[in-house]
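The lines below spell out each chain.
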Amino acid sequence: MKTLLVINSSGRVTRSITRHLTQRFAEAWRARNPDGAMVLRDVGQDPPPAVNESWIAAAFASPGERTSAMNEALRLSETLIEELATADVIVMGAPVYNFGMPAQLKAYFDQVVRVGRTFGFDANAAEHYRPLLPSRPVIVVTAAGDGAILPGGALAHTNFLEPHLQTVLGFIGLTDVKFVRVGFDEFGGDRLKRSLAAAEVALDELA
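So, a few notes on the structure that sits alongside this text.

How each quantity is defined
Residues numbered from 1 in each chain as written. Predicted model: local features only at pLDDT ≥ 70, side-chain atom pairs only at ≥ 80, totals over all residues. Heavy atoms only, no water. Patch = residues over 30% accessible without salt bridge, like charges linked within 9 Å, V, L, I, M, F, W, Y side chains within 5 Å. Areas by Shrake-Rupley, 256 points an atom, 1.4 Å probe, with all protein chains shown as cover. Salt bridge = Lys/Arg side-chain N within 4 Å of Asp/Glu carboxyl O. Helix = DSSP H or I, 4+ residues; strand = E, 2+ residues; numbered from the N terminus. Contact = heavy atoms within 4.5 Å. 1 Å grid on protein atoms, 1.4 Å probe; cavity = no way out; pocket = protein on both sides within 12 Å on 5 of 7 lines; lining within 4 Å. Points joined across faces, edges and corners; volume = space filled by probe spheres on them. Nonpolar A, V, L, I, M, F, W, Y, C, P; charged D, E, K, R; others polar. Buried < 20%, exposed > 50% of the residue type's maximum accessible area, 1.4 Å probe, protein only. Pairing = 2+ DSSP bridges. Axes fitted to C-alpha atoms, helices over the stretch in contact; angles between N-to-C directions.

1. Brief notes about a nonpolar patch on the surface
For step 1, the next point in the chain: On the surface, Val51, Ile56 and Phe60 cluster together into a nonpolar patch covering about 290 Å² of accessible area.
For step 2, the next point in the chain: Here Ile56 lies in helix 2 (residues 53–60).

2. Details of the side chain of Glu200
For step 1, the next point in the chain: One can find Glu200 in helix 7 (residues 189–206).
For step 2, the next point in the chain: Contact partners of Glu200, with chain neighbours within four places excluded, come to His20, Leu21 and Arg24.

3. Some points on the layout of surface pockets
For step 1, the next point in the chain: Reported here for the largest pocket is a volume of approximately 180 Å³.
For step 2, the next point in the chain: In terms of residue class, the lining of the largest pocket is made up of six nonpolar, three polar and one charged.
For step 3, the next point in the chain: In this structure, the second largest pocket spans a volume of roughly 150 Å³.
For step 4, the next point in the chain: In terms of lining, the second largest pocket is formed by 14 residues, of which the most central are Arg12, Pro95, Tyr97, Ala143 and Asp185.
For step 5, the next point in the chain: Its residues placed into classes, the lining of the second largest pocket shows six nonpolar, four polar and four charged.

4. Side note on the pattern of salt bridges
For step 1, the next point in the chain: Per the stated rule, a full pass over the model turns up ten salt bridges.
For step 2, the next point in the chain: In this structure, Glu83 engages Arg41 in a salt bridge whose closest nitrogen and oxygen atoms are separated by 2.7 Å. Taken together, the residues span a long stretch of sequence, with Glu83 in helix 4 (residues 75–86) and Arg41 in strand 2 (residues 37–42) at a distance of 42 residues. Across the pair, Arg41 and Glu83 agree in class, each one buried.
For step 3, the next point in the chain: Where Lys106 meets Asp110, a salt bridge forms, and the shortest distance between an N and an O atom there is 2.9 Å. Of this pair, Lys106 and Asp110 are both found in helix 5 (residues 103–112), four residues apart, which corresponds to roughly one turn of the helix.
For step 4, the next point in the chain: The exposure class assigned to Asp110 is partly exposed, which follows from its relative accessible area of 28%.
For step 5, the next point in the chain: When salt bridges that share partners are traced, they join Arg24, Glu200 and Asp204 into one network.

5. Considering the sheet that holds strand 1 (residues 3–8)
For step 1, the next point in the chain: If you walk across this open sheet you meet the five strands as 2-1-3-6-7, and the pairing is parallel. Each edge of the open sheet carries a strand with a single partner, namely strand 2 and strand 7 (177–182). Strand-to-strand twist of the sheet, defined as the mean angle between neighbouring strand axes without regard to direction, takes the value 15 degrees.
For step 2, the next point in the chain: Two elements, strand 1 and strand 3 (residues 89–93), share five bridges in a ladder whose sense is parallel. In the strand pairing of strand 3, Ile7 is matched with Met92.
For step 3, the next point in the chain: Relative to the sheet, helix 4 contacts strand 1, strand 2 and strand 3, its axis offset from that of strand 2 by approximately 140 degrees.
For step 4, the next point in the chain: Helix-sheet contacts for helix 7 involve strand 6 (138–143) and strand 7, and the interaxial angle to strand 7 is about 155 degrees.

As far as function goes, none of this settles anything; it's purely spatial.
See below:
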């Protein structure tokens, strides 16, 4: 049985383009995989806490040295990592906020990028870092207020969302990443309609 992990990070609910598109992908995927399982993770509405000193101490302690308090500090992190590790396909809604990812999505990645769990470290090896998660398809749905910030646009150099996501996903082993983009969210009109329609077609094909 295949599993789809749906991650939403938009602060919007009723007017979110990325939520609309991740739901569309999920419905198309479900139609093609009627026996499949679906896991919904909404970090936009239920953001993970920022890592703190207790979390860091627990994450860098060896499993045998962790106290019950340390294990509790890592409880959500373990849940989120397990969701990634067991998913066959991941679709992620990630709007562009102020040139990068939403703070709640950054908090999510801070919870799942963990030494010994999603990446390994060996100071004596030629490659100090190695990913620990097996690769699987990741579809990232992005939406931007101005289409000029998307690849090929005049402001593309200010788009730090996509390179950040590619780097952090690849670091833990998720290298099969495809982006589906919508621009002109704040402008509306025909440009937004065309961009949204093209994104819907692309998602239907990927599903």
